[in-house]
Every structure is written in C-alpha cells, then in structure tokens.
Amino acid sequence: MVEDNPADVELVVRQLQRDGLSFTHRVTTEERDYRAAITDFAPHLILSDFSLPRFDGLSALRIARAEAPAVPFIFVSGTIGEERAIDALKSGASDYVLKENVKRLVPAIRGALRQYEVANARDLAEDLLRRSESRLQDIINTSTDWIWECDTEHRFTFSSASVADILGYAHHSMLGRAASSYVDPRDQTQLEDAFAEMQSTAAKTISTTLRWTHKNGTPRWLERKLVALQGADGKLRGFRGIDRDVTMKKVHESRIGRLNRALRFLSGANSAVVRIRDRHELLREACRLAVQNGGYALATVYVRSDKEPIVCRAVSSRHSEAKRPPTEPLDGAGPVGQAMASGEPVVVKDLEDAKIHIPNREKLLAMGLRSCIALPLAVDHTPIGVVLLHAEEPNVFGDAELALLRQVTGNITFSLQYMDSKESAERLVYFDTLTALANRSLYLQRLDGMIHAAERNDTGLVLLVFDISGLRTINDGLGHHAGDLVLQLVAERMKNAFRDSNCLSHLGGGRYAVASTDAYDASAATTVLRERVDLLFDKPFTIGEQDLRISVTAGLAQFPEDGRDAQALLHHAQTALDHAKEEGEQYLRHRPDMNAAASERLNLTNLLRAAVAERQFLLNYQPKIGLWNQRVSGFEALLRWPGSNVSPGIFVPMLESLGLINDIGMWIMDRALAESAAWAGADGNGDTRVAVNVSALQLKRETFAEEVLQLLAKTGRDPSRLELEVTESMLMRHPQRAAEALGRLRDAGVTIAIDDFGTGHSSLQLLSHLPVDVLKIDRSFVQDLPTNARHRLVVQMTISLAKSLGMSTVAEGVENERQAELLTEMGCDAIQGYLVLRPAPANEISAWLARAAPAGGDSRRSAKA
C-alpha cells in the first residue's frame, strides 16, 4: 500500500478483512522504500493513493510497470477525477476505487488477480511454445539426418540444411520440387509405393531404403522413415520423414555379399572338381556355379584345344539368352586375349570408360553389364584358357574377391591337367596340390592308424606341428610365388629327412605336421623329432638370387597323455604351437591348462566382440594441469570395459588382433569429444583439449587421416579440441607414412603428441621433421625422479629438447608434490597423474571442475582437497 494517511490505511485494511480477504501487507510513503518493497516483499498486488506529499501515484505506477510489470496495480483515492483515472488505466493501472466507495475495493482486487492469473498462464504457455519451437529447431539444425516435409503431390515444402551434406543440394533449392526428381530411376516405383502405402493404410510409420543421386552424380543410399500428415478434418495434407545416409553401410554389405557369393562359388567349384570326371561337364558346371552361386551375370570359360577352342557359357535368369554377345577370340585385343598373352588377370572396372578394347561393348552395356574380369587358366605358368566373368555393377572385383577367384581357376586348372587320371581325383581329395603332402583329412586317417599301431606295440607316439615364422613377410616382400616356393622346398626337405612320408602333412599356410614312427619311448621320440626339424632349417633356402634363413615355432602332443585319437592329438599339438608363439618358445609340449586358456580366450573373444557391437565401453578421463598457471590444459580419454574385470592392457591388444581397433578407436574419438564439450573453458582456459590414444594399426591405415577428418566434419567437432597421442616406437615403424597422416591432421588443427617419450629409439633428425606439438615424458622416468639422478638428467634433456623444437611437455604418472616441484624447476609445462586426479567418468570430471573452479586457478590443490 502506497499511502501516507494512517486512517485511510486502516479503512482499507478493515474493508478487506470484512470482505473475507486473507492477506499480508506493507505500507510505504517514500520512493526508496517503495522500490525496496517491490524487490524484497514481492507483492501480489499494489494499492496506491493518487496524491502524496513527497511521492505521487503515477510515479509509483511507472516504477511498478518497469520493475514488476505483471503485478496488478489499483488506485485507491479520493482525489482522482474521471479524466485522470482514464489516463491511469491507459498507463497500466488495473482499476481505480474511490475512498468514498471502498466497498468496491475487494471485487476490484479479485478481478485484477484473476486477470493476473490468466495473463501468467498465457505467458507461461507462450514461453513453453517458444522453448519447444527453439528445441525443435535446434534438433533440426544439429541433426546429421535429413528432415523434410512434402505435400500430397510429393513436392518438398520443407527441408533441413543437412541435405547439403547428404545430396549436395542447398535445402532451399529443393522446395517445390518432387522427390522423384532426385531418386534413382530404378527405385521410382518403390518410392511411389511407399507414399501410396502410407496414404492407404493406418500405419504410423513406414521404412524404406532407396537409391538417390547426389548433385555430383554419384549414388547415395538413404534409409527413410515417413509418416502421413493429417489435418483437423482427418484428410491427408502431406508427409513428413527423416532420411539417413547408409551408403557406406550398403557398400560394406555389398562387398561382404559379393565375397560370400565368391566363397560359395569356390566351395561349389571345389566340389565339382572332385566329383566330375568329364572336361566339358566340369566347364559347364563351373559356369553354372559362377552365375548361380557367385551371383555373376554372365560366365564364360575358354580352353584352347587342338581344333576349335572349347567355349562354355552360362547367363543369369535376369538376362535374355538371345541378347548374349558373341564370344571373344583367344588371341584378340580384349580382356580374354590380354589374359592369355600375359598370364595375369585382367580387371575392367567399368565397361563404359574402359581404357582397353572391349569386344561387343555396346551389347554388353545393353545387357546391363558394367564390369568384367578375365582370369587365365595356366599349367606350368602357360595359359591354356580363360575364365571370363561379367557383373552388373562397376568396381566389383576387389583384391579379396580376386584372391578367391584365383583359387577357383587354380583348382579348375589342376583338375583339367589330371582329368584323365583316376589318381588325380584322389589327390584332389587327399593331397595338398602345392606340396604333394597329405592334407588334413588324409592325415587324420593315417594318424589314427599310427595311434592303433603304437597302442598294439606299446610304443610311444609324438606328434609335432610346426609353423614357418615370417612367411607373410616373404609373401609381401618377394611375392606369393616366392612363398609358395618356400612351402614346396620345405616339403621336399621333409620327404628327404623322414623315410616314411605317411607321417608328414601340410596342414595349410606355413603349418606342417610330422609324427614319430620309430619304436622310441615318448621322451626319445620327442628328442629325435626336434633334432630332425632343426636340421630341416639348418641351411638357408635359395629363392632366386636370395638365401633365406627360416626359423619355425613348434608344438608337441604325446599319445596317450595328450589325446587318444587323431583329432584330439592334432588339436592339442596345434594348441601347444599357438601357446609357443605367445610365450616366445621355439618348442612347447601341450599342457592341460592350455585348453582352459584357449577356452577362456575364446570366451573373452566372444564377449569382446559383443562389447564392441553393443558399445559396452565407457571412457574415463584424467586431467592435465599446467605447472605455470595451475589450470586444466586438457584431458586424456582412457578406455574402460565396465563389469568385465579385464584391464585395458589385456583387451586393447585383443581388439587389435581381432581387427576391431579402428571401429572402437573412431568411437572413442567421437565419444570423448562429445562428453568433453562442456568442459572447454571450465577452468578459465578456452582451448581445453581431449587426448585420445592411437593404435599402431590405426596409424598404419592409409585412410586414417581421412577417416578422422570425416568424423570431425560429420559431427561438427572443432579439430583444435582433439589431441592424438602416438607412441614413440609407433612413429619409428613407418615414419614416412606417420608423418604424412599426422601432418595432414595437424594442418587441420588437431594436436599431435608423442606418448611414452624416452622409451623408444627415435633420432633427433627424424623427430625434428615430425609434425608433433607435445612430448609426454614416460612415467618410468617420473616415479623415482627425486632419487634417480640419471632419470632427472633424461627428463631435463627431454624438456630442453622439446623447447628447442617448439614443443610443450607433459609429465605422466606424477603422484607427489616433490615430483611436481622438480618438474616445475626443470621447466615442464604440465603434469598428469594421481597428484591431480585419478581417471574418472565424465560426470565426476564435471563435478570436479565445478569444485576446482572457485579455487582461483590451483586445480591441483582443489583436487587434493
């Protein structure tokens, strides 16, 4: 109440009480007290006289409208005239009541309060609507999916800006155009069917996957979910949907599908080689299997003969027999003639723009064929024919598929070479074609016979399985033909060293088996086998002009202790071999615990694959603190597998060996950048980064830099917030490739750090040319820093080296104040370790930052407190 007359105050209060109004009031006559009351007392209602000695009612109204605009304001006066009362209402007063008619006051108050409640409810609803619209707009603006609406004629009426990243078009350019303008003609019917189904059924959501055409002409696969939009009258007024780019998923599925079809082709061809004894029938069956199992559109086999070439062909049911193009000559300029001339496969990625002569190109394109491969059939490196396969898509025949097809042609050639011999079928079934030793199937039969003989004669039997070390290096360095020659030479030496070749087998790859056949006890038999195997590799193998020294790793199993049948004995010998490789032993005898370890590893492998697929991992973070300003300079993201009780030191190497590290590595980058987004600047430092460790296998990938940049672009993350940590030894393996990949990332704004510096063997000259920003001093030098003079010298030299090269330094594993003090004295830039904080999940880091921020900059002391 703004009133200077106590009697009038009493008059108003009694009237309010008399009319049953429950209230609390405060009276003021000065402007300063009035302003304070609006803030402190926060009234629901203001009653004011019009005229006061030092303060007037219109001034009180102006102040109320400025500082409490929603609070009802009623004049209660005996001096206000009608004209002035109207002006007061125009200025924002809710009502006016004459003191002579104070009975009207309570009805006026109740009316004003009702208006106040209605206005509040309206303002709240409008605010909620604005918030909802803003939230929806934020979702649309930040979504990487394409959100759209179209009318009943399928013309776009709205499109989110993300369509530019997916199809290359500006979103406004698509408005008014039909969706069919952008869809691949092959999927037009599917698009129309989806709209029709939504229009004719009561389905809430329909999903479909269609091929679209990017602005640059390349195809894109989009997974679409759409709903029908209905007006208040229930009539259809359009459609709304979300499209997600699944092109890469489709590419991978297509590649996997093609490889599976090629594997089925290989399996069927292998069966045919063993089963069929007639040359023409075998070639016809190979063509049929290529089309039916391999999924190729057209398959043709050419084989040179004394008269006319033998030609067999099969065409898929999707293509007309009448439209088949004529055959190619074996000595022509096309893919068939080139394969015959060179003895090497000829791959045509796209028939439309092929650089070589393509016979019948127009007919092939008219059939819908886009790529082909010609694989020679060679006997003793001399081509005798060609397998020609056509596919409907371009760029089909990759390296993996080519490797499988080489096996098919190799088996067909082998079968053709020995087709007239009854023994050839037996050798295909039971003998390895490369080494002429018994394969696994035949060897198991022979090994069972040796076990029965040992049991009858009460003699020992020992099985030794060895594997050639470095065979992959030979294949990569000298070519697979050199690796095959090594395998053949090893087999020849084995036949010379062991009188009975029935005890020998080539199990595949670089793995061989040999069993003791002499009447020794188990101990003596083991010794003899080891000595003979050592002699096999005592002298180098001559491959071309090179002498290769080869070593092996071996596992042994004894009958009956390690197995009473051939399957068990061979399995346990191979298990011992696997453990010998892991433990760095050259020879290792099977132990019962190996089976348990193998079973445990298999179980862990399955669990780990599921964990990767279901993203069961979480990230912990450990902050880095600048020693000069005591502020957070960044965080290191550390991978954890909750609920598994398996340390990263065990499961991370397994992720690498299983080929899963790149998938989970990219997930770590994305998750770390997302979870740490709120921390940037939380400690007063606007450039806080999050560091992610990079595996050697990731860095080795040629596409590593491109994949990281694509992730940053797709998610809209700032590259300057990402730091990649690579170990010193990792850089030294492939310095040229590492420098190129890391240099590209560094140019984009990503920070590069060398982790565990001081434990590798990098040269200063090489280090000076690497794109590196940070050297991380390994914890092994920090732990005993106060007591180990040598380690202090190493750390000091590392810090000086970093400064001379323009790099900053971070010391890992700092656990006490004395270590931090010495590092400060040496000029180290930042520290990381338990002294600051143990690794913690993102939510705990956020809480830690909130507690540490008010400390005025000393995050280390705040963390300890």
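Use the structure listed above.
Residues numbered from 1 in each chain as written. Predicted model: local features only at pLDDT ≥ 70, side-chain atom pairs only at ≥ 80, totals over all residues. Heavy atoms only, no water.

Draft legend 1. Looking closely at the sheet that holds strand β14 (residues 461–468). Read across the sheet, five strands follow the order β15-β16-β14-β19-β20 without closing on themselves; strand pairing throughout is mixed. What marks the edges here is a single partner per strand, and that holds for β15 (504–508) and β20 (587–589). Between one strand axis and the next, the sheet turns through 20 degrees on average, direction left out of account. (Pairing = 2+ DSSP bridges. Helix = DSSP H or I, 4+ residues; strand = E, 2+ residues; numbered from the N terminus. Axes fitted to C-alpha atoms, helices over the stretch in contact; angles between N-to-C directions.)

Draft legend 2. Summary view of the side chain of S371. Tracing the backbone through its elements, the reader meets S371 in strand β12 (residues 371–379). Look at S371 and you get buried, because its relative accessible area is 0%. Within the structure, S371 has its side chain in polar contact with the backbone oxygen of E393 (distance 2.6 Å). Excluding residues that lie within four positions of it along the chain, S371 makes contacts with V348, K349, L351, L389, H390, A391, E393, P394, N395, V396 and F397. (Buried < 20%, exposed > 50% of the residue type's maximum accessible area, 1.4 Å probe, protein only. Polar contact = N/O pair within 3.5 Å; in protein donor to acceptor, adjacent residues only side chain to side chain. Contact = heavy atoms within 4.5 Å.)

Draft legend 3. Molecular detail of the pairing of strand β19 (residues 552–559). Counting buried residues along β19, eight of its eight residues qualify, which places the element largely inside the surrounding structure. Strand direction decides the pairing type here: β14 and β19, joined by eight bridges, are antiparallel. Counterpart to F466 in the pairing with β19 is A554. Two elements, β19 and β20, share three bridges in a ladder whose sense is parallel. Directly across from L556, in β20, lies its bridge partner R589. Following the backbone out of β19, through helix α18 (residues 566–583) and into the adjacent parallel β20, one traces a crossover that is left-handed. (Right-handed = clockwise from strand over helix to strand, strands pointing away.)

Draft legend 4. A look at helix α8 (residues 247–275). For α8, spanning 29 residues, the distance from its first C-alpha to its last is 41 Å, which sits close to the expected 42 Å at 1.5 Å a residue. Within the sequence span of α8, burial applies to T247, G257, R258, A262, F265, L266, G268, A269, A272 and V273. (Expected span 1.5 Å × (residues − 1).)

Draft legend 5. Representation of a positive patch on the surface. A contiguous patch of positive charge, built from R472, K700, R733 and R737, is present on the exposed surface. For R472, the location among the structural elements is in helix α15 (residues 471–478). (Patch = residues over 30% accessible without salt bridge, like charges linked within 9 Å, V, L, I, M, F, W, Y side chains within 5 Å. Areas by Shrake-Rupley, 256 points an atom, 1.4 Å probe, with all protein chains shown as cover. Salt bridge = Lys/Arg side-chain N within 4 Å of Asp/Glu carboxyl O. Lys, Arg positive; Asp, Glu negative; His and termini not counted. Charge placed at Lys NZ, Arg CZ, Asp CG, Glu CD.)

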